[in-house]
Amino acid sequence: MSSADSPAPRHANPAELRARAASLDDADALAAYTAHFVPGDDLAAYLDGNSLGRPVASVPAALDDFVRTEWSGRLIRGWDELWLTRPAELGDRIGAACLGAASGQTIVADSTSVLIFKLLRAAIAAQHAADPDRDELVMLSDEFPTDRFILERLADDHGLTVRWVDAPLDAGITPELAAASVGPRTIAALFSGVAYRSSWWADMPAVTAVVQAAGALVIWDCSHAVGSVPLELDAWGVDYAVGCSYKYLNGGPGAPAWAYVAARHHETLRNPIPGWLGAAAPFSMTEGYSPAPGVASLVSGTPPILNMVALEQMVRQIEKAGIAAIREKSIALTSYAIELVDVLIPAAVVSTPRDPARRGSHLTIDHPNSALAVERLWAQGVIPDFRHPSGVRIGLSPLSTSFVEVERGIRALAEALA
Ligand SMILES: Cc1ncc(COP(=O)(O)O)c(C=O)c1O
């Protein structure tokens, strides 16, 4: 039975639910973290941490210090002394805190879109070298647009076929759907760890195993998973993964993404945009390209060091709080939000798994008045987002969101939808 069809369980009434918000905050082991973010001037409830995370309170001072000490203080010497190794150092910290990745496999660079292109193109090259007859790429038909656009373009450019997979609106990729879609012709399958609309958290180890059993490579887009659910990319045997850092990693607008390449693929990793800063000796100005060892070769041009300053502040918060505690709070927040929706907005369809084990840290509810309601709410400082065709997406970033804020936001949403 899909979550959209599930009968709503019996719930407390609105007054009881409202009273419960404060006691949930009192019992929240991570409650103190909500004060570690810059307060928004007009903010009544921020329900969009899964699109753009809030700035950590230490970011302004960290940026100021960077400008004075590192940029102005060291100027061009900063590259040799500090910055060239920063994409790999920060990648390792994200790998350890959020990805279950041993060091040397994660790099911070580019946007998610560019890294998706690089990984997909690298997967095609690696697979064609081993088995030139493979000619299919696999993806969900309602995957995030950038993933679809890039996969289609690469398929077109290389004479490949895209095998589109349909999943229900309130779900995502399953081992069964994957098994029915991959085979001896599959080069690679690209799926979202947590789906951007439904919030479906895939059974990533099982799907990975199914794809690999067909001799194909798996690429996980973890944009909505990183920092919200515990990932174990090494233990699950994942081939490649990618994700953005401005959602639950709070790196700020335009913060660089990260890519993970399992160590066993480093020998054959071929960056389709071989730039000087991913070369073995960037300043030797040699004629031919010789890649840096390992995942560092995925870097092409100059990395956005300034944006990494803000990102590093949030990675530090996650390291302190621990991803297990973050996940525990995420489940409590989304469970409470679903209860509120069931009671306050009975006409809405919850298009997100009701089973917390299959859910990330956001939910989408469908309602015919969604677009207008979201526009109105934004003007009131209550900020969810709208997703086509009738969805309101409610993102609950565990470290920055309180239960009182969730109650306030969903109550305002109920009024706006009505
Ligand atoms: C699932 C998913 N993949 C990819 C992207 C695109 O990321 P970028 O803008 O960094 O290329 C997004 C952006 O929100 C996303 O949600």
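The preceding data block contains the structure.
Summarised in this report is the structure supplied together with it. Please read all numbers here as calculations on a predicted model, not as lab measurements.

The subject of this paragraph is the overall build of the protein. Assigned secondary structure in the protein consists of 13 helices and 13 strands. Its C-alpha atoms give the protein principal-axis dimensions of about 70 × 55 × 35 Å. Put simply, the protein has 418 residues, and 55% of those count as buried. In the protein, the proportion of contacts linking residues at least 24 apart, taken out of those at least 6 apart, comes to 73%. As presented, the protein carries roughly 16800 Å² of accessible surface, and 57% of it is formed by carbon and sulfur atoms. Positive and negative side-chain charges in the protein, numbering 32 and 48 respectively, have mean positions lying 3 Å apart.

What follows is about the sheet that holds strand β6 (residues 217-221). Ordered by their spatial adjacency, seven strands build an open sheet running β2-β8-β7-β6-β5-β3-β4, and the pairing between neighbours is mixed. Each edge of the sheet is formed by a strand with only one pairing partner; in this case those strands are β2 (106-109) and β4 (161-165). Within the sheet, the average angular offset between the axes of one strand and its neighbour, ignoring direction, is 20 degrees. Here four bridges tie strand β7 (residues 240-243) to strand β8 (residues 257-261), and the two strands are oriented antiparallel to one another. Opposite Gly243, over in β8, you have Trp258 as the bridge partner. Helix-sheet contacts for helix α5 (residues 112-130) involve β2, β3 (136-140), β5 (186-192), β6, β7 and β8, and the interaxial angle to β7 is about 170 degrees.

Turning next to the site of the ligand. Ser111, Thr112, Ser113, Phe144, Thr146, Asp147, Asp221, Ser223, His224, Tyr246 and Lys247 make up every residue found near the ligand. In the environment of the ligand, an oxygen atom lies 2.9 Å from a nitrogen or oxygen atom belonging to the side chain of Thr112. Lys247 has a polar side-chain atom sitting 2.7 Å from an oxygen atom of the ligand. If the ligand stood free it would expose 400 Å²; the protein chains cover 85% of that surface. Among the secondary structure elements, those contributing two or more residues to the shell around the ligand are α5 and α6 (145-158). Taken together, the residues that form the shell around the ligand break down as two nonpolar, six polar and three charged.

Our focus in this paragraph is the side chain of Glu136. Structurally, Glu136 is set in strand β3. Judged by relative accessible area, which is 7%, Glu136 ranks as buried. Of note is the side chain of Glu136, whose polar atom sits 3.0 Å from the side chain of Arg163. If near-sequence neighbours (up to four positions away) are discounted, Glu136 is found in contact with Thr161, Arg163, Arg185, Thr186, Ile187 and Ala188.

Pairing in this open sheet of four strands is antiparallel, and the strands run β9-β10-β13-β12 from one edge to the other. With one partner strand each, in any of the chains shown, β9 (349-350) and β12 (385-387) form the two edges of the open sheet. Note that β9 and strand β10 (residues 362-366) share two bridges and pair antiparallel. Among the inter-strand pairings, Val350 is bridged to a residue of β10, identified as Ile365. Taken strand by strand, helix α11 (residues 323-344) contacts β9 and β10, and its axis lies near 15 degrees from that of β10.

What follows is about the nonpolar core. One finds Ile94, Trp220, Leu231 and Trp258 to be the most contacted residues of the largest nonpolar core, which totals 63 residues. The leading source of residues in this core is helix α10 (residues 305-321), at nine residues. Taken domain by domain, this core gets at least three of its residues from each of domain 1 (14-57 + 323-417) and domain 2 (84-318). With residues near it in sequence (within four places) discarded, Leu231 still touches Cys98, Leu99, Gly100, Trp201, Met204, Cys222, Ala225, Val226 and Trp236. Counting 32 residues, the second largest nonpolar core, distinct from the first, contains Ile116, Met139, Leu154 and Leu190.

The rules behind these values
Residues numbered from 1 in each chain as written. Predicted model: local features only at pLDDT ≥ 70, side-chain atom pairs only at ≥ 80, totals over all residues. Heavy atoms only, no water. Helix = DSSP H or I, 4+ residues; strand = E, 2+ residues; numbered from the N terminus. Buried < 20%, exposed > 50% of the residue type's maximum accessible area, 1.4 Å probe, protein only. Contact = heavy atoms within 4.5 Å. Areas by Shrake-Rupley, 256 points an atom, 1.4 Å probe, with all protein chains shown as cover. Lys, Arg positive; Asp, Glu negative; His and termini not counted. Charge placed at Lys NZ, Arg CZ, Asp CG, Glu CD. Pairing = 2+ DSSP bridges. Axes fitted to C-alpha atoms, helices over the stretch in contact; angles between N-to-C directions. Near = heavy atom within 4 Å. Polar contact = N/O pair within 3.5 Å; in protein donor to acceptor, adjacent residues only side chain to side chain. Nonpolar A, V, L, I, M, F, W, Y, C, P; charged D, E, K, R; others polar. Core = buried A, V, L, I, M, F, W, Y, C linked by side-chain atoms within 4.5 Å. Domains from an automatic or database assignment.

Just geometry here; none of it tells us what the structure is for.
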